[in-house]
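Working through the structure, step by step
So you can see what is in the structure, the chains are spelled out below.
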Amino acid sequence: MSSQHREPALTIRPPADLRQAVTGELNERNLEVQAFVVACFHALLADPEGFLGKLSEHWPDKKPRGRPRKNDQATTDSDTEAPQERQ
């Protein structure tokens, strides 16, 4: 069954400590996280260069997506050792 919501969900998973700190800061100002995200979207569209410029020092490192490739997991010291002779 498809979603009954008008807008599709945006799922993000910030680190728990960061989310807790941000929620606390926003709660002190009577603001909600969801409204903050929407406000950030509007700010980006209003002034992309200025908004992104203010965020540049806070931008997280890019994370690899998906599962690691099996070949990457199999790369061990045994791959670099010389083959043993069969007897």
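Residues numbered from 1 in each chain as written. Predicted model: local features only at pLDDT ≥ 70, side-chain atom pairs only at ≥ 80, totals over all residues. Heavy atoms only, no water.

1. Quick word on the overall build of the protein chain
- When helices and strands are tallied, the protein chain shows four helices and zero strands.
- Reading the secondary structure of the protein chain in the N-to-C direction produces α-α-α-α.
- As displayed, the protein chain has an accessible area near 9,500 Å², and 53% of this comes from carbon and sulfur atoms. (Helix = DSSP H or I, 4+ residues; strand = E, 2+ residues; numbered from the N terminus. Areas by Shrake-Rupley, 256 points an atom, 1.4 Å probe, with all protein chains shown as cover.)

2. Digging into the packing of helix H2 (residues 33-46) against helix H3 (residues 48-55)
- Between H2 and H3, the least distance of the axes is 5 Å, while the angle of their chain directions is 125 degrees. Looking at the two axes, H2 sits oblique to H3. Along the contact surface, H2 presents Cys40, Ala43, Leu44, Leu45 and Ala46, while H3 presents Pro48, Phe51 and Leu52.
- Considered class by class, the residues forming the contact of H2 with H3 number eight nonpolar, no polar and no charged. (Axes fitted to C-alpha atoms, helices over the stretch in contact; angles between N-to-C directions. Parallel < 35°, antiparallel > 145°, perpendicular 65-115°, else oblique. Contact = heavy atoms within 4.5 Å. Nonpolar A, V, L, I, M, F, W, Y, C, P; charged D, E, K, R; others polar.)

3. Regarding the pattern of salt bridges
- Inspection of the entire model under this criterion finds one salt bridge.
- Across the pair Arg29 and Glu25 runs a salt bridge whose closest N-O atoms are separated by 2.8 Å.
- Note on Arg29: relative accessible area 51%, which makes it exposed. (Salt bridge = Lys/Arg side-chain N within 4 Å of Asp/Glu carboxyl O. Buried < 20%, exposed > 50% of the residue type's maximum accessible area, 1.4 Å probe, protein only.)

4. Some details on unusual backbone geometry
- One non-glycine residue, Asn30, lies in the positive phi region at around 60 degrees.
- As for its position among the elements, Asn30 is in the loop between helix H1 (16-28) and H2.

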